[in-house]
2 protein chains.
Amino acid sequence: MHEKYIRRAIELAAENAGQGRGGPFGAVVVRNGEVIAEGVNLVTTALDPTAHAEVVAIRAACGKMGTFELRGSTIYSSCEPCPMCLAAIYWARLEALYYGASREDAAAAGFDDGFLYEQIPLPAAARTLRTGRLLAEESGAPFAIWRANPAKIAY
Amino acid sequence: MHEKYIRRAIELAAENAGQGRGGPFGAVVVRNGEVIAEGVNLVTTALDPTAHAEVVAIRAACGKMGTFELRGSTIYSSCEPCPMCLAAIYWARLEALYYGASREDAAAAGFDDGFLYEQIPLPAAARTLRTGRLLAEESGAPFAIWRANPAKIAY
């Protein structure tokens, strides 16, 4: 059963790569045996560097369900998610992840997935991205306002 | 000068938390001294778990510039980006990142940023997210199609 959904994700990825709509990646979100959303990589056509297949599928699934979480749903991706998509999967509270190709396969095709998995755990000073911290004191204010707001919706 | 933009990001975060539109986070994208886009956390109101301030600001900046990359631009965030947003910053090819609060500040307010920084580098079997790999062989097909497509746009 898992294979059916991964196969659909691979099919979406192949179609997308052939049509030149975006990178060779596809994903589907499944709930109770039903595909509730599909996504393909649309970075270069939607002009959105975050429009990876998994993110597109998660956004579509949440839109369809009218929720900001997907507890109890599973995501199937044609390829191992990059760190952005993996973290998005956690934030969406998805129950499980199944994927086909590996981050090494993606790297061999010219994508930065493997590089990003190396960068994320590094201390900021060791990353290639120039990073600085400022106004540490003042930046606590929004959290105090958040804590004090009785209408806040945690996520 | 950096302080001016971080202060604006903090101001956005505070407004957002006070209005209950979403989490206490704000971000701005700056190019040549001009703010080209702003973003606030809209997870619970846009029903999009990926609508963190940085992602919202990156998407808005790309939309405004008509590009899928933001080379030469800098992002200022009221708080250290979570791994999803940090990876999005890399994918957007932003030149630099400045932030105010830390992942520990976010964790203290109930957000998963610190936890996600622990999870991402782990082997899949050691993560809390149930993960499996299937159809490794078949999943290479989209990459072959991608390589063979002369019209592909790399990113």
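Residues numbered from 1 in each chain as written. Chains lettered and ligands numbered in written order. Predicted model: local features only at pLDDT ≥ 70, side-chain atom pairs only at ≥ 80, totals over all residues. Heavy atoms only, no water.

(A) Inspection of the pattern of salt bridges at higher detail. For the structure shown, the criterion picks out 24 salt bridges over all chains. We note a salt bridge from E69(A) to R71(A), for which the minimum N-O separation is 2.9 Å. Shared partners join several salt bridges into a network, and the residues in it are D48(A), R59(A), D48(B) and R59(B). (Salt bridge = Lys/Arg side-chain N within 4 Å of Asp/Glu carboxyl O.)

(B) Representation of the packing of helix α3 (residues 53-65) of chain A against helix α4 (residues 83-91) of chain A. All names here are of chain A. Packing of α3 against α4 brings their axes to within 8 Å, and their N-to-C directions diverge by 25°. In terms of orientation, α3 lies roughly parallel with respect to α4. Our pair here, α3 against α4, has a crossing hand that is left-handed. Across the interface between the two elements, E54, V55 and I58 from α3 touch M84, C85, A88 and I89 from α4. Each residue belonging to the contact of α3 with α4 can be placed in one class, and the counts come to 6 nonpolar, no polar and 1 charged. (Axes fitted to C-alpha atoms, helices over the stretch in contact; angles between N-to-C directions. Helix = DSSP H or I, 4+ residues; strand = E, 2+ residues; numbered from the N terminus. Parallel < 35°, antiparallel > 145°, perpendicular 65-115°, else oblique. Left-handed = near helix turned anticlockwise from the far one by under 90°. Contact = heavy atoms within 4.5 Å. Nonpolar A, V, L, I, M, F, W, Y, C, P; charged D, E, K, R; others polar.)

(C) Molecular detail of the environment of L86(A). With respect to the element layout, L86(A) can be found in helix α4. When its relative accessible area of 0% is taken as the criterion, L86(A) is described as buried. Separated by 32 residues in the primary sequence, L86(A) and E54(A) place their C-alpha atoms 8.5 Å from one another. Apart from the residues within four sequence positions on either side, L86(A) is in contact with P81(A), L97(A), Y117(A), I120(B), R127(B) and L129(B). (Buried < 20%, exposed > 50% of the residue type's maximum accessible area, 1.4 Å probe, protein only.)

(D) Region of interest: the pairing of strand β4 (residues 96-101) of chain B. Buried residues dominate β4(B), accounting for 6 of its 6 residues. For strand β5 (residues 130-133) of chain A and β4(B), the ladder comprises 4 bridges, and the chain directions are parallel. When the bridges of β4(B) are listed, R133(A) appears paired with Y99(B). Relative to β4(B), strand β3 (residues 74-79) of chain B runs parallel, the two sharing 5 bridges. The residue bridging C79(B) from the neighbouring strand is A101(B), located in β4(B). This β-α-β element, β3(B) to helix α4 (residues 83-91) of chain B to β4(B), shows right-handed connectivity. (Pairing = 2+ DSSP bridges. Right-handed = clockwise from strand over helix to strand, strands pointing away.)

(E) Structural context of the sheet that holds strand β1 (residues 26-31) of chain A. With mixed pairing, the 5 strands of this open sheet are ordered in space as β2(A)-β1(A)-β3(A)-β4(A)-β5(B). Of all the strands in the sheet, the pair left with one neighbour each is β2 (34-40) of chain A together with β5 (130-133) of chain B. Each strand axis lies, on average, 20° off the axis of its neighbour in the sheet, ignoring direction. Two elements, β1(A) and β2(A), share 6 bridges in a ladder whose sense is antiparallel. Looking at the pairing, A27(A) lines up with G39(A) of β2(A).

(F) Summary view of the sheet that holds strand β1 (residues 26-31) of chain B. Reading across from one edge, β5(A)-β4(B)-β3(B)-β1(B)-β2(B) is the order of the 5 strands in this open sheet, with mixed pairing throughout. Edge positions in the open sheet fall to β5 of chain A together with β2 (34-40) of chain B, since each of these has one partner strand only. Put simply, the sheet's adjacent strands are angled 20° from each other on average, direction ignored. Packed on one face of the sheet, helix α3 (residues 53-65) of chain B meets β1, β2 and β3 of chain B and runs near 140° to β2(B).

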